[in-house]
Structures are given as C-alpha cells and as structure tokens.
Amino acid sequence: MEQQYWYRTNEIDKNGQEIFMLRAYNKSGKPVRKRWHAPEGYSQRQVMRALNKAAVEFAREVHEGKALSKQEAKEQAERQAAELDKQLTVERYANTVYMPKKLITIAENTRDSYARNLRLYVFPSIGKRKMEDVKPVDIMALLNDVQRDGKAHSSVIKVYNVLNNMFKEAYRDDTISVNPMDKVERPKPTKAERTNKGVDAFTVDELVEIKSLMEREKLKWRTYTNLVIDTGCRNGEAVGLTWDCIDFKNC
C-alpha cells in the first residue's frame, strides 16, 4: 500500500537530502506524480513521517481534482486559452483584429491617428474590459474625461470616431452581440468652443510688414515664412515636409 503513494528516486538535492516521488491515481485511473524534497536537518524517522503525511495529502488532492497530471494540466491550459480567445478584451481586439484590418483599408496618417488615440485614451480607460462587457456609460465616461482634460473638440471627435468604427466592426464580425456605440451621442463642443470668435488672420499690410522684417533673418526662416504665407498650410504640415515633397522638375 505504501508504494502506491510514494517511491524513492535515488536522487539527492543540494542540501544532501533524499528526493522522493509522490504518486497517486485520479478518478480516471491515471497516475499523477510530484517530486518531494525531504526537509533539511530532518532525521530519517522525521523524514518518513513527513513523507507519509505529504503523500496522503497529495493523494487527497489528486482524488479531488486539485492536483493534475501533466496531460490534464496541458488540456486545462488549452481550454483556458480557448476560452480567453472567446473573451477578447478591448485592447486585444484592437491590436489583433481591428488595427490589422486598417493596415490595408485606410491611409497611413489616418491609421496612425487611430493607433495614437487608442493608445492614449481608449486602452488606459477600457482596454482591459472584455468587448462584450463594455457599456454605453463606460464610453460616455471615457469621452467626458478626454473633454475635461482640455482637449480640443476635434480631438474628442477623433476618439469617438475610432470607438464608433471599432465597435461597429466588432458587431459585424459577431465579437459582440450589442453595439454600445448605438446609445452614445456624438460629443458636442463645449460652450467656450461654440462661441464664434471669427477668423483671426493677418491683413495684407501686416503680411507686407512681416515679409519686410524677415529679410533680416536667416534664409531658412525667410523660406519658412514665405511658405506658410503663400500656401496657408499649418505649422505641423510645414515642418513635416522633406526634400522628396518638392517637385523640382516642375517647379
């Protein structure tokens, strides 16, 4: 009976203590094993007493299904992985399903904007939530936080758009059964943003004065000033230009 629960391995650990193998059979009749190290400093009698106690406890755990064989542990891990695949979080869905689709369907600048808004606003707020568990109130709270953070209305709309697009895709591919964005209104500008301040632009006389003053500056600043005056492009667009953006052949 004793040999059913443990046997010697003829191994010695680094402390010079003997190593035993505990063995018990589960309800399916399959053996489950576990290595057991004798406590340091124990006499032979103390080792055997502790070994028998550990073996009986291990047999009880195996019988109750708390201790698994290697095959059972592998099968359990596979089941858990499969279950995890069914319960995608927002961050995982965005990175493994949604954004890969966008690699081939939208322009690079738009894709970069989507990825940035997901990373900065969506993931910190609801990234760990399961897609199916996200409610309209969660999304409204997210958008309110972005707006309260002082972001421009256009920035809030970009976050809204990426959420609206992503959850619509998830509804179409049956990842979610209900689209929470259906009950989320498009954010409105704040009262301050709704105030019409008119167009703030330089007059012709002011531009002439600016160009006159720029003649005293370095060539790169004169070039930059003339560029933004003549084209009306934004600062970000102007400083983002590289040599390959210029068509020298056609001037």
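Everything in this summary refers to the structure shown in the same document. Think of each chain on its own: its residues are numbered from 1, step by step along the sequence as written. Confidence filtering applies because this is a predicted model: local features only for residues at pLDDT of at least 70, side-chain atom pairs given and counted only at 80 or more, and all residues used for totals across whole chains, interfaces and linings. Computation of side-chain values covers all heavy atoms of the structure but excludes hydrogens and water.

1. Details of the packing of aromatic side chains
To keep it simple, the criterion reads: Aromatic rings from Phe, Tyr and Trp, with only the six-membered ring used for Trp, were paired whenever their centres fell within 6.5 Å, and each pair was classed as stacked if the ring planes differed by under 30 degrees, edge-to-face if by over 60, and tilted otherwise. Starting at the N terminus, helices and strands are each numbered in turn, a helix being any DSSP run of H or I of at least four residues and a strand any DSSP run of E of at least two. Type-normalised accessible area, obtained with a 1.4 Å probe on protein chains alone, sets the label of each residue: buried when under 20%, exposed when over 50%, and partly exposed for intermediate values.
One pass over the full model with this rule turns up 3 aromatic pairs. Ring geometry for Phe-20 versus Trp-36: centroids 6.0 Å apart, planes at 55°, classification tilted. Remark: Trp-36 occurs in strand β3 (residues 31-37) and Phe-20 occurs in strand β2 (residues 18-25); sequence separation between them is 16 residues. Assigned by exposure class, Phe-20 and Trp-36 land together as buried.

2. Some remarks on the sheet that holds strand β1 (residues 6-12)
Whether parallel or antiparallel, the strands of a sheet pair through hydrogen bonds between backbone atoms. Just so we agree on the cut-off: Here the rule is simple: two strands pair whenever DSSP picks up at least two bridges between them. Each axis is a line fitted through C-alpha atoms, taken for helices only over the stretch in contact, and angles between the N-to-C directions span 0 to 180 degrees. What makes two residues a contact is simply this: any of their non-hydrogen atoms within 4.5 Å.
Taken in spatial order, the 3 strands make up an open sheet running β1-β2-β3, and their pairing is antiparallel. At either margin of the open sheet sits one strand with a lone partner, and together these are β1 and β3. If you compare each strand with its neighbour and ignore which way they point, the axes differ by 25° on average. Bridge count between β1 and β2: 5 bridges; the pairing is antiparallel. Note on β2: the bridge partner recorded for Glu-11 is Ile-19. Against the sheet, helix α2 (residues 44-63) engages β1, β2 and β3, with an angle of about 30° to β2.

3. Here's the deal with the nonpolar core
Note the following rule: We define the nonpolar core as a collection of buried residues of types Ala, Val, Leu, Ile, Met, Phe, Trp, Tyr and Cys that are connected through side-chain atoms lying within 4.5 Å of one another.
Counting 29 residues, the largest nonpolar core has Leu-143, Leu-163, Met-166 and Phe-167 as the members making the most contacts within it. Once residues within four sequence positions are removed from consideration, Leu-163 is found in contact with Val-122, Ile-126, Ile-139, Leu-142, Leu-143 and Met-181. Of all hydrophobic cores here, the second largest spans 16 residues; its members include Leu-22, Val-32, Met-48 and Val-62.

4. Some details on a nonpolar patch on the surface
As a reminder, the rule being used: A patch consists of residues whose relative accessible area exceeds 30% and which take part in no salt bridge; residues with like charges are grouped when within 9 Å of each other, and nonpolar side chains (Val, Leu, Ile, Met, Phe, Trp, Tyr) when within 5 Å. For every accessible area listed, the method is Shrake-Rupley and the probe measures 1.4 Å; residues are considered covered only by the protein chains on display. Here, a salt bridge means any Lys or Arg side-chain nitrogen found within 4 Å of an Asp or Glu carboxyl oxygen.
A cluster of nonpolar side chains, contributed by Trp-243, Ile-246 and Phe-248, occupies part of the molecular surface with about 410 Å² of accessible area. Structurally, the position occupied by Phe-248 is in the segment after α11 (235-239).

5. Examining the pattern of salt bridges
Within the structure shown, the criterion is met by 9 salt bridges. When the shortest N-O distance is used, the salt bridge between Glu-57 and Arg-60 registers 2.3 Å. Residue Glu-57 and its partner Arg-60 are located together in helix α2, separated by 3 residues, close to a single helical turn. Residue classification places Glu-57 among the partly exposed positions, given a relative accessible area of 35%. The class of Arg-60 is partly exposed, set by a relative accessible area of 34%. Of the charged contacts, one joins Glu-237 and Arg-234 as a salt bridge, the two residues approaching to 3.0 Å between their closest N and O atoms. One salt-bridge network, held together by shared partners, links Lys-101, Lys-102, Glu-169 and Asp-173.

6. Focus on the environment of Ile-176
With respect to the element layout, Ile-176 can be found in the loop between α7 (153-172) and α8 (191-194). For Ile-176, a relative accessible area of 2% puts it in the buried group. In this structure, the C-alpha to C-alpha distance between Ile-176 and Leu-88, residues 88 residues apart in sequence, is 9.7 Å.

7. What about unusual backbone geometry?
For Asp-174, which is not glycine, the phi torsion reads 70° and is therefore positive. Along the chain, Asp-174 falls in the loop between α7 and α8. The phi dihedral of Cys-251 is positive, around 55°, even though this residue is not glycine. Relative to the helices and strands, Cys-251 is located in the segment after α11. Looking at Cys-251, the relative accessible area reads 88%, which means it is exposed.

8. Quick notes on the packing of helix α6 (residues 136-148) against α7
Note the threshold: Should an angle fall under 35 degrees it is taken as roughly parallel, and over 145 as roughly antiparallel, whereas 65 to 115 is taken as roughly perpendicular and any remaining angle as oblique. In this scheme, a crossing is called left-handed if the near helix is turned counterclockwise away from the far one by less than a right angle; it is called right-handed if the turn is clockwise. In this classification, the charged set is Asp, Glu, Lys and Arg, the nonpolar set is Ala, Val, Leu, Ile, Met, Phe, Trp, Tyr, Cys and Pro, and all remaining amino acids, among them Gly, are polar.
Look at α6 against α7: their axes get within 9 Å of each other, and the N-to-C directions meet at 160°. By the angle between their axes, α6 is roughly antiparallel relative to α7. Here the hand of the crossing between α6 and α7 comes out right-handed. Where α6 approaches α7, its residues Ile-139, Leu-142, Leu-143, Val-146 and Gln-147 are matched on the opposing element by His-153, Val-156, Val-159, Tyr-160, Leu-163 and Phe-167. Class assignment of the residues belonging to the contact of α6 with α7 gives a composition of 9 nonpolar, 2 polar and no charged.

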